[in-house]
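Each chain, written out:
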Amino acid sequence: MIVKAQLFASFREAVGSSAIDLELGDPPTVSELLVSLRRAYPEVGPTIGSAMVAVNLEYVGPEFRLSESDKVAIIPPVSGGGVA
Amino acid sequence: VTFKIVNGPIDVTALVAEVRSDYDGAVCTFQGVARRYSRGREVVHLEYEAYPEMAERKMAQIADEIRAKFGVDRVAMRHRTGVLQIGEASVVIAVASPHRNEAFAACLYGIDRLKQTVPIWKKEVWSDGEQWIGWEHEVSSSEFGVRSSS
């Protein structure tokens, strides 16, 4: 199954693209997605380990199983204690 | 009331007008503003990037939490993306309620939750480099995220 994942911020810059396609087993879990992503795009670096994954605009856990039509996004840690 | 990711300056007066009603004796606003100094470095400008559809959905969910916790239903939020100069607001939250305590509490809760759950990222650009913020507790800047700006 091909999963298309949106990338943002540091991951988007590291990979040089705002979306990637990954070939995964059927049906893949979120943790399998992250392992394949790191293998296919090692330039994302070790911080991919602290990324969150969103499916259809909601955060999901590592055991979540992806379906063909899911809208998948890799979410780097959000900006946190910066502005105030 | 409305929750939007915007590309240009945020109109605070318009946001206050959006939440205020004749039942309200208190309007509380919070502005997150780009500052010159961060962690001992001088910032040239900031860049914000969002996942807009999800960010707007998450902001609306925070307003639902505010309604449940504080009984306040007049809340509006804006977050800006793109390049911000020092002194410009990146985020504005406006809350209106009959009395001030709930307005202050809801506004503080709103910005705290926004920073935890809303997918928006900040890049600090310095005269000699840049970094996406959010990583500094995991790895040192020399390992990830810092590169020469030219």
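Rules behind the numbers
Residues numbered from 1 in each chain as written. Chains lettered and ligands numbered in written order. Predicted model: local features only at pLDDT ≥ 70, side-chain atom pairs only at ≥ 80, totals over all residues. Heavy atoms only, no water. Core = buried A, V, L, I, M, F, W, Y, C linked by side-chain atoms within 4.5 Å. Buried < 20%, exposed > 50% of the residue type's maximum accessible area, 1.4 Å probe, protein only. Helix = DSSP H or I, 4+ residues; strand = E, 2+ residues; numbered from the N terminus. Contact = heavy atoms within 4.5 Å. Buried area = accessible area lost by both parts, 1.4 Å probe. Salt bridge = Lys/Arg side-chain N within 4 Å of Asp/Glu carboxyl O. Polar contact = N/O pair within 3.5 Å; in protein donor to acceptor, adjacent residues only side chain to side chain. Nonpolar A, V, L, I, M, F, W, Y, C, P; charged D, E, K, R; others polar. Expected span 1.5 Å × (residues − 1). Pairing = 2+ DSSP bridges. Axes fitted to C-alpha atoms, helices over the stretch in contact; angles between N-to-C directions.

**A few points about the nonpolar core**
For step 1, the next point in the chain: Grouped together as the largest cluster of nonpolar side chains are 30 residues, with contacts concentrated most on Ile 66, Val 75, Met 77, Val 95 and Leu 114 of chain B.
For step 2, the next point in the chain: When contributions to this core are tallied by element, the ones reaching two or more residues are strand S1 (3–6), strand S2 (26–33), strand S4 (41–50), helix H2 (52–70), strand S5 (74–80), strand S7 (89–97), helix H3 (100–117) and strand S8 (120–126) of chain B.
For step 3, the next point in the chain: The element that contributes the greatest number of residues to this core is H3 of chain B, accounting for six residues.
For step 4, the next point in the chain: Those residues in contact with Met 77 of chain B that lie beyond four places of it in its chain are Thr 2, Phe 3, Lys 4, Met 59, Ile 62, Ile 66, Val 92, Ile 93, Gly 110 and Leu 114 of chain B.
For step 5, the next point in the chain: Residues Met 1, Ile 20, Val 55 and Ile 74 of chain A belong to the second largest nonpolar core, which totals 22 residues.

**Focus on the interface of chain B and chain A**
For step 1, the next point in the chain: Contact residues are listed per partner, giving 32 residues for chain B and 27 residues for chain A.
For step 2, the next point in the chain: With both sides pooled, the region where chain B packs onto chain A buries about 2700 Å², and carbon together with sulfur makes up 59% of that total.
For step 3, the next point in the chain: Taken together, the links from chain B to chain A amount to five salt bridges.
For step 4, the next point in the chain: With a closest N to O distance of 2.7 Å, Lys 123 of chain B and Glu 13 of chain A form a salt bridge.
For step 5, the next point in the chain: On the surface where chain B and chain A come into contact, there are 12 residue pairs in polar contact (both at pLDDT 80 or more).
For step 6, the next point in the chain: Elements with a minimum of two residues in the side of chain B that touches chain A: S2, S4, H2, H3, S8 and strand S9 (129–132) of chain B.
For step 7, the next point in the chain: Among the elements that line the side of chain B that touches chain A, the one with the most residues is H2 of chain B, at five residues.
For step 8, the next point in the chain: Looking at the side of chain B that touches chain A residue by residue, the class counts come to 15 nonpolar, six polar and 11 charged.

**Some remarks on the side chain of Thr 117 of chain B**
For step 1, the next point in the chain: Here Thr 117 of chain B lies in helix H3.
For step 2, the next point in the chain: Thr 117 of chain B sits in the buried class, given a relative accessible area of 14%.

**Some details on H2 of chain B**
For step 1, the next point in the chain: For H2 of chain B, spanning 19 residues, the distance from its first C-alpha to its last is 27 Å, which sits close to the expected 27 Å at 1.5 Å a residue.
For step 2, the next point in the chain: Just beyond H2 of chain B, the residue with positive phi is Gly 71 of chain B, at close to 70°.

**Focus on the sheet that holds S2 of chain B**
Residue and element names in this part refer to chain B.
For step 1, the next point in the chain: The strand order across the open sheet formed by four strands is S1-S5-S7-S2, and the pairing between neighbours is mixed. Whereas interior strands pair on both sides, the edge strands pair on one side only; in this sheet they are S1 and S2. Mean inter-strand twist for the sheet, computed between neighbouring axes without regard to direction, equals 10°.
For step 2, the next point in the chain: Bridge count between S2 and S7: eight bridges; the pairing is antiparallel. From the neighbouring strand, Val 27 faces S7, where its bridge partner is Ala 96.
For step 3, the next point in the chain: Contacts between H2 and the sheet are confined to S1 and S5, with S1 contributing the most and set at about 150° to the helix.

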